[in-house]
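Structural description and commentary
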Amino acid sequence: MRGTAPPEPSRGAPAVRLLRHPLGDALLCQLRDRSTGVESFRAAAHRLSLLVCATALEELTVEVVPVETPLAPTNGARVAEAVVGVPVLRAGLGMLPALEALLPDVTVGYIGLERDEEHLTPTRYYGKLPDLVGRLVLLLDPMLATGGSAAAACDSLVAAGADRIVLACIVAAPEGLAHLGARHPHVPVVTAAIDEGLDARGYIVPGLGDFGDRLFGTGQASERVRN
Ligand code: PRP
Ligand code: URA
């Protein structure tokens with residue numbers, strides 16, 4: 001299931017780009033499947049992140065450069081702007097190798113956030129950001145649930161000088177899109193799915209469970225399931 005159509009952009013809502021690709025649908029299905037073990041989960045997360053990150057970089061500025069093929073001179077393109085990737089620890093680390101594969105010289109900063117299970121509010125426990133002024137910042141966090149973590153991460157990025165941020169995620173809830181849109185209306189979101197909503201514990205439904213636990217093999221559910 002791909003999820004619902006992106007909400008119409010309105011005032012205070014971010015632009016949302018929903019990945020539309022059959023491989024994306026198949027990879028997302030592997031991630032959703034509760035029987036997918038750690039090794040397969042990592043591989044599918046990497047491959048799906050390639051599609052999501054490539055889509056998030058569609059507005060990347062390139063410049064025209066001359067190139068000689070074996071047959072004739074022609075014009076080609078070269079990336080002409082600096083990009084900073086910022087994974088939100090831990091789960092965002094599952095998307096970073098894909099961004100590094102697409103942009104091998106990408107600069108990387110880190111933000112560590114953890115959601116309090118009771119109140120669902122994020123606490124920042126780590127931050128290491130390079131200069132962000134004038135750079136395209138690709139924020140990597142696979143799960144946009146209440147939106148509290150993404151909004152807090154954007155607060156940190158803006159405080160560090162970022163003025164062009166794109167959030168790349170894998171599953172978004174309508175609640176998270178609304179919250180992020182209210183706090184950071186100029187941050188577009190690229191996602192592989194928009195799901196139905198949140199359960200009482202703040203998990204995305206149908207979702208894929210706890211991304212960080214499934215990626216790193218922690219948590220009870222992951223320990224029960226082996227490849
Ligand atoms: C997960 C996820 C997001 C956050 C989303 O991280 O990676 O950062 O929850 O939830 P929200 O939209 O309601 O804020 P978590 O806090 O579980 O930490 P982890 O990645 O270390 O497991
Ligand atoms: N974080 C996750 O990893 N999964 C959810 O469904 C919500 C927050």
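Summarised in this report is the structure supplied together with it. (Residues numbered from 1 in each chain as written. Chains lettered and ligands numbered in written order. Predicted model: local features only at pLDDT ≥ 70, side-chain atom pairs only at ≥ 80, totals over all residues. Heavy atoms only, no water.)

**Some thoughts on helix 1 (residues 22-32)**
Convention followed: Categorising residues by exposure relies on relative accessible area from a 1.4 Å probe, with only protein chains included: less than 20% of the type maximum marks a residue as buried, more than 50% marks it as exposed, and the intermediate range marks it as partly exposed. The helix count covers DSSP runs of H or I at least four residues long, the strand count covers runs of E at least two residues long, and both are numbered beginning at the N terminus. Arc definition: it is the arc formed by the directions from the helix axis to the C-beta atoms. Every residue pair with non-hydrogen atoms within 4.5 Å of one another is taken to be in contact.
Within helix 1, burial applies to G24, L27, L28, L31 and R32. Buried positions in helix 1, seen along its axis, are confined to an arc of 140° and lie on one side of it. Looking at the buried residues of helix 1, the elements they touch are helix 2 (38-56), strand 11 (171-172), strand 13 (193-194) and helix 6 (211-216).

**Description of the site of ligand 1**
The test is simple: Residues are classed as near a molecule or strand on a simple rule: at least one heavy atom within 4 Å of it. Residue exposure ignores everything except the shown protein chains as possible cover, and the areas themselves are Shrake-Rupley values with a 1.4 Å probe. Residue type decides the class: Asp, Glu, Lys and Arg count as charged, Ala, Val, Leu, Ile, Met, Phe, Trp, Tyr, Cys and Pro as nonpolar, and the leftover types, Gly among them, as polar.
Near ligand 1 lie 14 residues; those nearest to it are R115, D141, T146, G147 and S149. Starting from 500 Å² of accessible surface for ligand 1 in isolation, the protein chains cover 92%. Put simply, the parts of the chain that give the shell around ligand 1 at least two residues each are strand 6 (110-115), strand 9 (143-144) and helix 4 (148-159). If one sorts the elements of the shell around ligand 1 by residue count, strand 6 sits on top with three residues. Taken together, the residues of the shell around ligand 1 sort by class into five nonpolar, four polar and five charged.

**Focus on the packing of aromatic side chains**
Heads up, the condition is: Working definition: rings of Phe, Tyr and Trp (its six-membered ring) pair if their centres are within 6.5 Å, and the pair is stacked with planes under 30 degrees apart, edge-to-face with planes over 60 apart, and tilted otherwise. As a reminder, the over-ring test applies to NZ of lysine and CZ of arginine, requiring each to be within 6 Å of the ring centre and within 35 degrees of the ring normal.
Counted under the stated rule, the structure contains one aromatic pair. Arranged with centres 5.0 Å apart and planes meeting at 70°, the rings of F41 and F211 form a pair that is edge-to-face. Placement of the pair is F41 in helix 2 and F211 in helix 6, with a sequence separation of 170 residues. Positioned above the aromatic ring of Y203, the side-chain terminus of R115 is 5.7 Å from the ring centre.

**Re the sheet that holds strand 13**
The criterion, for reference: When DSSP locates at least two bridges between a pair of strands, those strands are taken to pair.
Spatially, the three strands line up as an open sheet ordered 9-11-13, and their pairing is parallel. On the outer flanks of this sheet lie strand 9 and strand 13, each paired with one strand and no other.

**Considering unusual backbone geometry**
Residues L89 and R90 are joined by a peptide bond in cis, for which omega reads -5°. Its location among the elements puts R90 in the loop between strand 4 (83-89) and helix 3 (96-102). If you check the backbone angles, L120 has positive phi at about 65° while not being a glycine. Relative to the elements of secondary structure, L120 occurs in the loop between strand 6 and strand 7 (122-128).

**Regarding the nonpolar core**
Let me state the cut-off plainly: Joining through side-chain atoms within 4.5 Å is the link that ties buried Ala, Val, Leu, Ile, Met, Phe, Trp, Tyr and Cys residues into a set, and such a set is a nonpolar core.
Counting residues in hydrophobic clusters, the biggest one holds 37 residues, and the most contacted among them are L48, L138, I170 and F211. Element by element, the count of residues in this core is highest for helix 2, at seven residues. Grouped together as the second largest cluster of nonpolar side chains are 27 residues, L18, L132, A153 and L157 included.

**A look at the pairing of strand 10 (residues 165-168)**
Neither face of strand 10 is exposed, since I165 and L167 on one face and V166 and A168 on the opposite face are all buried. Here strand 8 (residues 136-140) runs beside strand 10; their pairing, made up of four bridges, is parallel. Paired with L138 across the two strands is V166, which belongs to strand 10. Strand direction decides the pairing type here: strand 10 and strand 12 (residues 189-191), joined by two bridges, are parallel. The residue of strand 12 that forms the bridge with A168 is V190.

**Comments concerning the site of ligand 2**
Applicable threshold: A 3.5 Å cut-off defines polar contacts: any pair of N or O atoms within that distance qualifies, except that in protein one atom must be a possible hydrogen donor and the other a possible acceptor, and neighbouring residues in sequence count only when both atoms are side-chain atoms.
Residues in contact with ligand 2, as listed here, are R115, M143, A145, G202, Y203, I204, G209, D210 and F211. G209 places a main-chain nitrogen or oxygen 2.8 Å from a nitrogen atom of ligand 2. Here F211 contributes a backbone N or O atom positioned 2.8 Å from an oxygen atom of ligand 2. For ligand 2, whose unbound accessible area comes to 240 Å², protein coverage reaches 88%. Residue classes in the shell around ligand 2 are distributed as five nonpolar, two polar and two charged.

**Structural notes on the pairing of strand 6**
Note on strand geometry: in a regular strand, side chains alternate between the two faces of the sheet. With two bridges connecting them, strand 4 and strand 6 associate as parallel partners. Each bridged residue has a counterpart across the sheet, and for V88 the counterpart in strand 6 is I111. Across six bridges, strand 6 lies against strand 7 in antiparallel orientation. Note that in strand 7 the partner of E114 across the bridge is T123. From the end of strand 6 to the start of strand 7, which pair antiparallel, there are six residues, and L120 there has a positive phi angle of about 65°.

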